[in-house]
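Remarks on the overall topology
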Amino acid sequence: MDKKLIGVTAGYALVMAALLILTFSFAWNPSGYSYAIENSTLSVQKGLGNEVVAEVEIADNMADVLLFQAAVSDVKTHWHTDIVLLALIFPLILFAIFKDKRPFKKVLPYKWFLGIVVAIVVIYAAATIPSYFSQIQEVETYVQKISQ
C-alpha cells in the first residue's frame, strides 16, 4: 500500500469515527434538535451541549409534541441510514481513485466502474439531500409551535 492510499483511508476512518461518536454517543442529527422527557415535561434541546430551547407540558400540547417527536425520529432514522451508506459507498470511491486496487478490474473496464460509482453517488445524493431539507424544516416548524 502506498502512502496516499493509507492517508486517504486514515482520513476516512477519522471522519467516520467522529460521525459515529457524534451520532450514537451524543445523539446528534442534522436537524440539531433532540428532546428529553422528565415527568410530564418535554424539553426541546439544541446542539451538542443540549441547550434547552423550550419546555412544554406534554398534556397541554400533546399533538404538537407527538408530531415533533416523530419529526426528530424521522431525521435520526434517515441520518443513521446515511451513516451506514457513507461507510459502504466510500470504498467504491476509494477504488475509483486508486485504479490499480479496484475489484473486478479484469472484467469491468475502469470507465464503466467510474460511471457506476458516480451514478450511485449522484442518485443517492439527489434522493437524500432534498429529503433532509424537508425533514429539517418540519422539525423547525414543530419547534416553533411548541415554543409559542
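Everything quoted here is computed from the prediction, not taken from an experiment.

Rules behind the numbers
Residues numbered from 1 in each chain as written. Predicted model: local features only at pLDDT ≥ 70, side-chain atom pairs only at ≥ 80, totals over all residues. Heavy atoms only, no water. Helix = DSSP H or I, 4+ residues; strand = E, 2+ residues; numbered from the N terminus. Rg over C-alpha atoms; globule rule 2.2 N^0.38 Å. Buried < 20%, exposed > 50% of the residue type's maximum accessible area, 1.4 Å probe, protein only. Patch = residues over 30% accessible without salt bridge, like charges linked within 9 Å, V, L, I, M, F, W, Y side chains within 5 Å. Areas by Shrake-Rupley, 256 points an atom, 1.4 Å probe, with all protein chains shown as cover. Salt bridge = Lys/Arg side-chain N within 4 Å of Asp/Glu carboxyl O. Pairing = 2+ DSSP bridges. Axes fitted to C-alpha atoms, helices over the stretch in contact; angles between N-to-C directions. Contact = heavy atoms within 4.5 Å.

Within the protein, the regular secondary structure consists of 3 helices and 3 strands. When the helices and strands of the protein are listed from N to C terminus, the series reads α-β-β-β-α-α. A compact globule built from 148 residues would reach a C-alpha radius of gyration of about 15 Å, whereas the protein, at 20 Å, exceeds it by more than 25%. Expressed along its principal axes, the backbone C-alpha trace of the protein runs to roughly 65 × 25 × 15 Å. Out of the 148 residues in the protein, the part that is buried amounts to 29%.

Residues other than glycine seldom take positive phi values, yet Ala27 does so here, at roughly 55°. A residue is classified by how much of its surface remains accessible, and Ala27, at 34% relative accessible area, is partly exposed.

Together, Ile21, Phe26 and Leu48 line one region of the surface with nonpolar side chains, adding up to about 300 Å² of accessible area. Note that Ile21 resides in helix H1 (residues 3-25). Given the relative accessible area of 46%, Ile21 is considered partly exposed.

Adjacent strands of a sheet form backbone hydrogen bonds with each other and so pair up, either parallel or antiparallel. If you trace the 3 strands from one edge of the open sheet to the other, you get S1-S2-S3, paired in antiparallel fashion. Lying at the two open borders of the sheet, with one neighbouring strand each, are strand S1 (33-38) and strand S3 (51-57). Each strand of the sheet is rotated relative to its neighbour by a mean of 25°, with strand direction disregarded. In this sheet, S3 lies alongside strand S2 (residues 41-46) in antiparallel orientation, the contact comprising 6 bridges. Bridged to Thr41 within S3 is Glu57. Across the sheet, helix H2 (residues 62-97) touches S1, S2 and S3, and the angle it forms with S1 is around 130°. Contacts from helix H3 (residues 110-147) reach S1, S2 and S3 within the one sheet, and its direction differs from that of S3 by about 60°.

To continue, consider the pairing of S1. Judged from the 6 bridges that link them, S1 and S2 form a sheet pairing that is antiparallel. When the sheet's bridge partners are listed, Ser34 is paired in S2 with Gln45. Between S1 and the antiparallel strand that follows it, S2, lie 2 residues; Asn39 among them carries a positive phi value of about 55°.

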